[in-house]
Amino acid sequence: MILFVVAFGALVSAPAWSADLAAPYRSYGLSDSSLRFAERIIISHHLLTPDQLACSTLVRGDKAIKEATEVVVLEKHGGACPGDPRRVQARFGLYVDEVSGSVQWNIADPLVLQSIP
């Protein structure tokens, strides 16, 4: 949880140009419970290493499928995280349905959803 707070705090406090790069992915209003649920899935299913999670930011995506909310996992660059801090790239998207508890992701192909391994 601490890693997520650090990663999310870095996005919020990032320079304006960096925030503009993430604008297509940003849509505030995702419930805290959905973000926590997505983070628990990432950790429990080992979807990212601890280092990758520390260099990631979870934000609400613009898409939804029925009751499932899209959570986009973005790479964070700069500081201890490798990469160009002017570039924002999505690692993958999770589709979280808190009611049913189902989660799918689009790791292999952005247009194809798969069950979490």
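For the structure itself, consult the block above.
These numbers come from a predicted model, not from an experiment. (Residues numbered from 1 in each chain as written. Predicted model: local features only at pLDDT ≥ 70, side-chain atom pairs only at ≥ 80, totals over all residues. Heavy atoms only, no water.)

Caption draft 1: The arrangement of the sheet that holds strand β4 (residues 102–109) in detail. The 5 strands are arranged β1-β2-β3-β4-β5 in an open sheet whose pairing can be described as antiparallel. Looking at which strands have only one partner, the edges of the open sheet turn out to be β1 (56–65) and β5 (112–115). Direction aside, the axes of adjacent strands within the sheet are offset by 35° on average. In terms of strand pairing, strand β3 (residues 89–97) meets β4 through 4 bridges, oriented antiparallel. (Pairing = 2+ DSSP bridges. Helix = DSSP H or I, 4+ residues; strand = E, 2+ residues; numbered from the N terminus. Axes fitted to C-alpha atoms, helices over the stretch in contact; angles between N-to-C directions.)

Caption draft 2: Inspection of the pattern of salt bridges at higher detail. Scanning the entire structure with this criterion turns up 1 salt bridge. A salt bridge links Asp 84 to Arg 86; its shortest N-O distance comes to 3.1 Å. Of the residues examined, Asp 84 reaches a relative accessible area of 33% and is grouped as partly exposed. The exposed category is assigned to Arg 86, whose relative accessible area is 56%. (Salt bridge = Lys/Arg side-chain N within 4 Å of Asp/Glu carboxyl O. Buried < 20%, exposed > 50% of the residue type's maximum accessible area, 1.4 Å probe, protein only.)

Caption draft 3: Representation of the state of the cysteines in the model. Scanning the model with the defined rule gives 1 disulfide in all. In this model Cys 55 forms its disulfide with Cys 81; the gap between the sulfur atoms is 2.1 Å. Across the S-S bond of Cys 55 and Cys 81 the torsion is about -90°, and the bridge reads as left-handed. With a gap of 26 residues between them, Cys 55 in the loop between α4 (50–54) and β1 and Cys 81 in the loop between β2 (68–75) and β3 connect regions that are remote in the sequence. Note on Cys 55: relative accessible area 10%, which makes it buried. What makes Cys 81 buried here is its relative accessible area of 7%. (Disulfide = S-S within 2.5 Å.)

Caption draft 4: Representation of the nonpolar core. Counting residues in hydrophobic clusters, the biggest one holds 17 residues, and the most contacted among them are Ile 42, Leu 47, Phe 92 and Leu 94. Taken together, the elements giving at least two residues each to this core come down to α3 (32–44), β2, β3 and β4. In this view, Leu 47 contacts Ile 41, Ile 42, Gln 52, Phe 92, Leu 94, Trp 105, Ile 116 and Pro 117; residues no more than four positions away in its chain are not counted. (Core = buried A, V, L, I, M, F, W, Y, C linked by side-chain atoms within 4.5 Å. Contact = heavy atoms within 4.5 Å.)

Caption draft 5: Spotlight on the environment of Glu 70. Within the secondary structure layout, Glu 70 lies in strand β2. Residue Glu 70 is classed as buried on the basis of its relative accessible area, which comes to 7%. If near-sequence neighbours (up to four positions away) are discounted, Glu 70 is found in contact with Val 59, Arg 60, Gly 61, Asp 62, Lys 63, Leu 94 and Tyr 95.

Caption draft 6: Just the packing of aromatic side chains, in detail. Applying the stated criterion to the full structure yields 1 aromatic pair. With 5.1 Å between their ring centres and 80° between their planes, Phe 92 and Trp 105 make a pair best called edge-to-face. Placement of Phe 92 in strand β3 and of Trp 105 in strand β4 is noted, with a sequence separation of 13 residues between them. Accessibility classification places Phe 92 together with Trp 105 in one group, the buried group. (Phe/Tyr/Trp six-rings, centres within 6.5 Å; stacked < 30°, edge-to-face > 60°.)

Caption draft 7: The pairing of β5, seen in detail. Note: β4 against β5, 3 bridges, orientation antiparallel. Paired with Gln 104 across the two strands is Ser 115, which belongs to β5. Taking the residues that link successive antiparallel strands as the turn, the β4-β5 hairpin has 2 residues.

This is a description of form; function is not addressed.
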